[in-house]
Amino acid sequence: MITSIFLARLLSPLLLLAGIGIAVNRDDYRSSITDFLASGGLLYLSGALLLLGGTAIVLTHNVWSADWRIIITLIGWLTALRGAALIVAPRWTTALARRWVARPQLMIVNAVIVIVLGVVLGAIGYSQ
């Protein structure tokens, strides 16, 4: 449980601030993401970092229980898979990202989901 609380506290500010940033600065994020997608080196580096971070979460917290801790496990697995996809299939992942950036409503939905996850993990992590 200590690892779960630590990871909830670690992930909460990142998720909360990223979600708020996307919601408040959609045009800036859209421009930054478009620039980012044009750089193969940055895509590979981000894929490697996502794979490492996601794998670190999975290795320390692969908890499949019917409570809030599964959120952290799912974040770890999804992060590792996203990193692997960027390394193995960069064209496919950039095509998905370009479609996502082209639809402003998806950016808002994503921002809301990320903010909610940040609030939930923060509320749980910092109340313990």
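Keep in mind that this is a model prediction, so the values were computed, not measured.

With that out of the way, let us pick up the overall build of the protein. The number of helices and strands found in the protein is six helices and zero strands. From first element to last, N terminus to C terminus, the protein shows the α and β order α-α-α-α-α-α. In terms of C-alpha radius of gyration, the protein reaches 15 Å, essentially the compact-globule figure of 14 Å for 128 residues. Referenced to the eigenvectors of the C-alpha coordinate spread, the extents of the protein come out at roughly 40 × 30 × 20 Å. Per-residue burial over the protein gives 33% buried out of 128 residues. Intrachain contacts of the protein at a sequence separation of at least 6 include 75% that bridge at least 24 residues.

Turning our attention to the side chain of Thr-94. With respect to the secondary-structure elements, Thr-94 resides in helix 5 (residues 90-101). Ignoring any residue separated from it by four or fewer positions in sequence, one finds Thr-94 in contact with Leu-37 and Leu-43.

This next bit is on the side chain of Thr-73. In this structure, Thr-73 sits in helix 4 (residues 69-88). Owing to a relative accessible area of 1%, Thr-73 belongs among the buried residues under this scheme. Engagement of the side chain of Thr-73 in a polar contact is seen with the backbone oxygen of Val-63, the distance being 2.8 Å. In this view, Thr-73 contacts His-61, Asn-62, Val-63 and Trp-64; residues no more than four positions away in its chain are not counted.

Procedures and definitions
Residues numbered from 1 in each chain as written. Predicted model: local features only at pLDDT ≥ 70, side-chain atom pairs only at ≥ 80, totals over all residues. Heavy atoms only, no water. Helix = DSSP H or I, 4+ residues; strand = E, 2+ residues; numbered from the N terminus. Rg over C-alpha atoms; globule rule 2.2 N^0.38 Å. Buried < 20%, exposed > 50% of the residue type's maximum accessible area, 1.4 Å probe, protein only. Contact = heavy atoms within 4.5 Å. Polar contact = N/O pair within 3.5 Å; in protein donor to acceptor, adjacent residues only side chain to side chain.

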